[in-house]
Amino acid sequence: GAGVSQSPSNKVTEKGKDVELRCDPISGHTALYWYRQRLGQGLEFLIYFQGNSAPDKSGLPSDRFSAERTGESVSTLTIQRTQQEDSAVYLCARASGPDTQYFGPGTRLTVL
Amino acid sequence: KQEVTQIPAALSVPEGENLVLNCSFTDSAIYNLQWFRQDPGKGLTSLLLIQSSQREQTSGRLNASLDKSSGRSTLYIAASQPGDSATYLCAVRKDNYGQNFVFGPGTRLSVLP
């Protein structure tokens, strides 16, 4: 596969709850990206990690969204007080460079 | 602000046909353009990458062209097969710094046996 696993694969939650999405890339790629894909739309960039720091957080849609990365490996995307418009597939990708990204299968989030 | 559109939104063709998918972008000042394939329940797989100085790239039955001045790219698939059924997305990068991909909404392709 692409060397990226994401969990859970599906998450259904109630409006107002917090959710945590996990991305687990194989080792050896210092860069990691998170994207959001709403139904019928293209990918929206959320945040980019270089190592454990995030030089570009410009895509995070609100302060309810946050992400962290530890050990230049696992990353978690947290959405607080979820809203129905947060429903989407959340994809992460490991990268050896911005043009060479290997995507995980995504987490489908449904907020009721 | 860069906007990327793709036409058609969905396409269904019989096996063996040649087909063209279209991608348009509003700001011609791009660094490169990339075509991806997305299968249901899976992430994206890169198909072809065209740098802004290039006119086309080929890989097997796939050929991607780029006309930067007119803000267009096409993905040509020859002799389509049922295994080509997927959603095809194009994405443009503005420059070589950080993350600045802008994705189109995709074309959902069905190749019927």
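Because the structure is a prediction, the values reported are computed rather than measured. (Residues numbered from 1 in each chain as written. Chains lettered and ligands numbered in written order. Predicted model: local features only at pLDDT ≥ 70, side-chain atom pairs only at ≥ 80, totals over all residues. Heavy atoms only, no water.)

Trainee: So what exactly am I meant to see when it comes to the interface of chain B and chain A here?
Mentor: Interfaces are frequently sized by the accessible area removed from exposure as the parts join. Listed per partner, the contact involves 19 residues of chain B and 17 residues of chain A. Summed over both partners, the interface of chain B with chain A comes to about 1300 Å²; 54% of that surface belongs to carbon and sulfur atoms. If you look at where chain B meets chain A, you find 1 salt bridge. Of the charged contacts, one joins Arg93 of chain B and Asp99 of chain A as a salt bridge, the two residues approaching to 2.9 Å between their closest N and O atoms. For the side of chain B that touches chain A, the elements supplying multiple residues, two or more each, are β4 (32-38), β5 (44-51), β9 (86-93) and β10 (101-103) of chain B. For the side of chain B that touches chain A, the element with the highest residue contribution is β4 of chain B, accounting for 4 residues. (Contact = heavy atoms within 4.5 Å. Buried area = accessible area lost by both parts, 1.4 Å probe. Salt bridge = Lys/Arg side-chain N within 4 Å of Asp/Glu carboxyl O. Helix = DSSP H or I, 4+ residues; strand = E, 2+ residues; numbered from the N terminus.)

Trainee: Explain the pattern of salt bridges to me, please; I cannot follow it from the model alone.
Mentor: Between side chains of opposite charge, a pair can form when the charged atoms approach closely. Evaluated as defined, the whole model comprises 7 salt bridges over all chains. For the salt bridge of Arg37 of chain B with Asp39 of chain B, the shortest nitrogen-to-oxygen distance reads 3.0 Å. Here Arg37 of chain B matches Asp39 of chain B in class, with each residue buried. A network of salt bridges, in which partner residues are shared, links Arg36, Arg38 and Glu44 of chain A. (Buried < 20%, exposed > 50% of the residue type's maximum accessible area, 1.4 Å probe, protein only.)

Trainee: What am I meant to see in unusual backbone geometry here?
Mentor: A negative phi angle characterises most non-glycine residues, just as the trans form characterises most peptide bonds. That bond from Ser7 of chain A to Pro8 of chain A is cis: its omega, -10°, falls within 30 degrees of zero. Residue placement: Pro8 of chain A occurs in the loop between β1 (4-7) and β2 (10-13). Omega for the peptide link from Ile7 of chain B to Pro8 of chain B comes to 0°, which places this bond in the cis form. As for its placement among the helices and strands, Pro8 of chain B is situated in the loop between β1 (4-7) and β2 (10-14).

These results come straight from atomic positions and should not be treated as a statement about function.
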